[in-house]
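The residues making up each chain are set out below.
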Amino acid sequence: MSARLRVDWPACRAEGLCHELVPDLVSLDEWGYPVVHGEVDESRLREARAAARQCPRLALRLIED
């Protein structure tokens, strides 16, 4: 199974919680918006799901194939 984090850009308000929750998967650009890095492996799925659920604007989504 493969999974990726995606950002809903119109909904995102650059609060940075995603980076705090999964800093190895999400960094922040110079304006504080998330930059997602690579696929989410199976060992990180639980953390990635939690980060998507905890996004205050629900702008972070986990897409699982």
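The coordinates are above.
Residue numbering note: each chain is counted from 1, following its sequence as written. Per-residue local features are limited, in this predicted model, to residues with pLDDT of at least 70; the limit for side-chain atom pairs, both in listing and counting, is 80 or more; totals at the level of whole chains, interfaces and linings are taken over all residues. Just so you know, side-chain values use all the structure's heavy atoms and leave hydrogens and water out.

1. Description of the packing of aromatic side chains
Which entries qualify depends on this criterion: Ring pairs are drawn from Phe, Tyr and Trp, using the six-membered ring of Trp, whenever the two centres fall within 6.5 Å, and their geometry is named by plane angle: stacked under 30 degrees, edge-to-face over 60, tilted for the rest. We count a stretch as a helix when DSSP gives it H or I for four or more residues in a row; a strand needs E for two or more, and each element gets its number in order from the N terminus. Think of it in three bands: residues with accessible area under 20% of the maximum for their type are buried, residues over 50% are exposed, and the middle band is partly exposed, with areas taken using a 1.4 Å probe on protein chains only.
Tallied over the entire structure, the rule returns one aromatic pair. With centroids separated by 6.5 Å and ring planes inclined at 55°, the aromatic side chains of W9 and Y33 adopt a geometry described as tilted. Separated by 24 residues along the polypeptide, W9 in the loop between β1 (3–7) and α1 (17–21) and Y33 in the loop between β2 (26–28) and β3 (34–36) bring together distant segments of the chain. The partly exposed category is assigned to Y33, whose relative accessible area is 31%.

2. Topic: the environment of L25
Note the threshold: Only heavy atoms enter the contact rule, under which two residues are in contact if any of them lie within 4.5 Å.
Here L25 shows up in the loop between α1 and β2. Each C-alpha atom of the pair L25 and V35 lies 8.4 Å from the other, and the pair is 10 residues apart in sequence. Residues within four places of L25 in sequence aside, it is in contact with L5, V35, V36, H37, E39, V40, R44 and A48.

Note that all results are geometric; they support no functional claim without further evidence.
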